[in-house]
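Observations on the model geometry
One letter stands for each residue in the lines below.
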Amino acid sequence: MRDLDSQVPYWDAASATKTFTHPLHLPWLEGVDKHAAVLDYGCGYGRTLEDLGRRGHDRLAGVDTSPGMIERARVLLPGTQFAVLEAPPRVPWPDAGFDVVLLFAVLTCVPGDDAQRRLVAEVGRLLKPGGILYVSDLLLQGDERNRRRYDHCAGSFGGYGVFETSDGAVCRHHSREWLSTLLSAFESVADRTITVATMNGHESTGIQILVRKPGTA
Ligand SMILES: C[S@@+](CC[C@H](N)C(=O)[O-])C[C@H]1O[C@@H](n2cnc3c(N)ncnc32)[C@H](O)[C@@H]1O
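Residues numbered from 1 in each chain as written. Predicted model: local features only at pLDDT ≥ 70, side-chain atom pairs only at ≥ 80, totals over all residues. Heavy atoms only, no water.

1. Some words on the pattern of salt bridges
For the structure on display, the rule yields 12 salt bridges. One salt bridge in this structure joins K18 and D167, with 2.7 Å as the shortest N-O distance. Of the two residues, K18 is situated in the loop between helix 1 (8–14) and strand 1 (38–41) and D167 in the loop between strand 6 (162–164) and strand 7 (170–172); the sequence distance between them amounts to 149 residues. Look at D167 and you get partly exposed, because its relative accessible area is 34%. (Salt bridge = Lys/Arg side-chain N within 4 Å of Asp/Glu carboxyl O. Helix = DSSP H or I, 4+ residues; strand = E, 2+ residues; numbered from the N terminus. Buried < 20%, exposed > 50% of the residue type's maximum accessible area, 1.4 Å probe, protein only.)

In structure tokens form, the structure reads like this:
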């Protein structure tokens, strides 16, 4: 994966300071057994895993490309299995080991189409047949500030919607069509539009998508 599609120095620096806020929509997880194996891919400092642990989930794991994020997550959740991804998107764990994968605000950090495709394929490998993938990410925004920065960066890092934040991350906002193409190997279960504060404090429109890997466990 190109450096632009993991940006480890940026996320390591951010690990001490940033707060992430994409919400877990609990009704979507009501049917998930408390002993189901849950992987948070791009788990950051572990806040969603902490939330799930508080609700009684006891087979939790997290992976991230940033050693700084994983270090903070290990302090927050000492009993949880974590790994730093050395060769993303590859996760050094076997096929079909997870019932649920969370992918929260990770696609936004991966500007390239091909890198996103490979990441989603890796998540598919990790899921059991019938397992669920819960994606939360940011849509293309219609406001002037965002449109200006999409235009400013057009062609520099990738397609429309890729831009550089004021503090130096290259991020991506997505069309609904791209996300449904990206997830087309999965069966659609539900989606919802959300309003969420970005890591730099801007209110933005996001989308949450629940899909299922075809097959039965
Ligand atoms: C905006 S944060 C979200 C963290 C967490 N999912 C949450 O919602 O609290 C994005 C995370 O994705 C990680 N990341 C960036 N590129 C990645 C990649 N290619 N593979 C895995 N993780 C990545 C970053 O290190 C960072 O921890």
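2. Points about the layout of surface pockets
As a volume, the largest pocket reaches approximately 660 Å³. Together, 42 residues line the largest pocket, and W11, F20, A105, T108 and C109 are the ones closest to its centre. Of the residues contributing to the lining of the largest pocket, the split by class is 21 nonpolar, 15 polar and 6 charged. Space inside the second largest pocket adds up to approximately 250 Å³. (1 Å grid on protein atoms, 1.4 Å probe; cavity = no way out; pocket = protein on both sides within 12 Å on 5 of 7 lines; lining within 4 Å. Points joined across faces, edges and corners; volume = space filled by probe spheres on them. Nonpolar A, V, L, I, M, F, W, Y, C, P; charged D, E, K, R; others polar.)

Taken by themselves, the reported measurements are silent on function.
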